[in-house]
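# Close look at the chain arrangement
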Amino acid sequence: MLGRILGKTLARYTSYYVAGSETYATEVRGGDSRVDIIISDNEDEIGYVRARNADIAVFMYPSLMKNLSRYIKRKAKVFIDTTFIDIDSLREYDWTIISEPYTQISERIFGTSRVANMMILGHLIKETRIVDPEAVERVIREEMPSKWHDINIRSFRYMIDRE
């Protein structure tokens, strides 16, 4: 959901050209998923919908990290959920690591791990300033079932507002 919300926000509320693709395992919750979002201020640069030289990446689980690492630039901002990924295992990569135990925090603060992805999205927006946080909140309201609006927006805001 993180990638879908970010991609739709960028497409609707910025002047960027945006293309993307989503791949999910058979068991969406807890299974491997991959979302590639290509963002450019020049539409000619978007010719393929898979990231091949990513400036930003998010990994919540280690399973895809090794396989996809070759598609991430040196010094890219990479957001890591240290609930499941050992930070020491990242020493081989020349990335700018931004890490938190997002899943542990979401369980402790919000009582569920299901909003950890929105916490990461909040942290990503705070660090990159790629889009206005209010635009993200609008897309959360537009794309998610209403019963999930409040908790997802609160978890998104938690990382933006945190000192």
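Starting afresh in each chain, residues are numbered from 1 along the sequence in its written order. Given that the model is predicted, a residue must reach a pLDDT of at least 70 before its local features are reported, and side-chain atom pairs must reach 80 or more before they are shown or counted; all residues, however, enter totals for whole chains, interfaces and linings. Working from all heavy atoms in the structure, the side-chain values ignore hydrogens and water.

## Overview of the environment of Asn-117
Applied cut-off: Each helix is a run of DSSP H or I of at least 4 residues and each strand a run of E of at least 2, with the numbering of both proceeding from the N terminus. The criterion used for residue contact is that any of the two residues' heavy atoms lie within 4.5 Å.
As for its placement among the helices and strands, Asn-117 is situated in helix H4 (residues 116–128). Between the C-alpha atom of Asn-117 and that of Asp-132, which follows or precedes it by 15 residues, the distance is 18 Å. If we ignore the near neighbours within four places in the chain, the residues touching Asn-117 are Met-1, Leu-2 and Met-60.

## Focus: the pattern of salt bridges
Selection criterion: Put simply, a salt bridge is a Lys or Arg side-chain nitrogen that is within 4 Å of an Asp or Glu carboxyl oxygen. Each residue's exposure class comes from its accessible area (1.4 Å probe, protein chains only) as a fraction of the maximum for that residue type: buried when under 20%, exposed when over 50%, partly exposed otherwise.
Scanning the entire structure with this criterion turns up 13 salt bridges. One salt bridge connects Lys-8 with Glu-143, and the closest N-O pair in it is separated by 3.2 Å. With Lys-8 in helix H1 (residues 2–13) and Glu-143 in helix H5 (residues 133–143), the pair connects residues that are 135 residues apart, well separated along the chain. Residue Lys-8 is classed as partly exposed on the basis of its relative accessible area of 30%.

## Regarding the packing of aromatic side chains
Quick reminder of the rule: The rule is short: rings of Phe, Tyr and Trp, with Trp giving its six-membered ring, pair when the centres are within 6.5 Å, and they are stacked under 30 degrees, edge-to-face over 60, tilted in between. The criterion for a charge sitting over a ring is simple: Lys NZ or Arg CZ within 6 Å of the ring centre, and within 35 degrees of the ring normal.
On inspection of all chains with the given rule, the structure shows four aromatic pairs. Here the aromatic rings of Phe-59 and Trp-95 are separated by 6.3 Å at their centres, their planes lie at 20 degrees, and the arrangement is stacked. A residue pair is termed long-range when its members are at least 10 positions apart, and Phe-59 in strand S3 (residues 54–59) and Trp-95 in the loop between strand S4 (72–81) and strand S5 (96–100) qualify at 36 residues. Both residues of the pair, Phe-59 and Trp-95, count as buried. Aromatic side chains Tyr-61 and Phe-84 sit 4.8 Å apart centroid to centroid with 35 degrees between the ring planes, which places their arrangement in the tilted category. With Tyr-61 in the loop between S3 and helix H2 (65–68) and Phe-84 in the loop between S4 and S5, this residue pair connects regions lying 23 residues apart in the sequence. When its relative accessible area of 34% is taken as the criterion, Tyr-61 is described as partly exposed. Aromatic rings pair up to connect Phe-59, Tyr-93 and Trp-95 into one cluster. The ring centre of Tyr-13 lies 4.4 Å from the NZ or CZ of Arg-138, which sits over that ring.

## Points about the nonpolar core
Convention followed: Only buried Ala, Val, Leu, Ile, Met, Phe, Trp, Tyr and Cys residues count toward a nonpolar core, and they belong to the same one when joined by side-chain atoms within 4.5 Å.
Ranked by internal contacts, the top residues of the largest apolar core, which has 30 residues, are Leu-121 and Ile-125. Those elements that provide at least two residues to this core are H1, helix H3 (102–110), H4, H5 and helix H6 (149–161). Ranked by residue count, the leading element in this core is H4, at seven residues. Ranked by size, the runner-up nonpolar core spans 13 residues in total, among them Ala-54, Leu-68, Val-78 and Ile-85.

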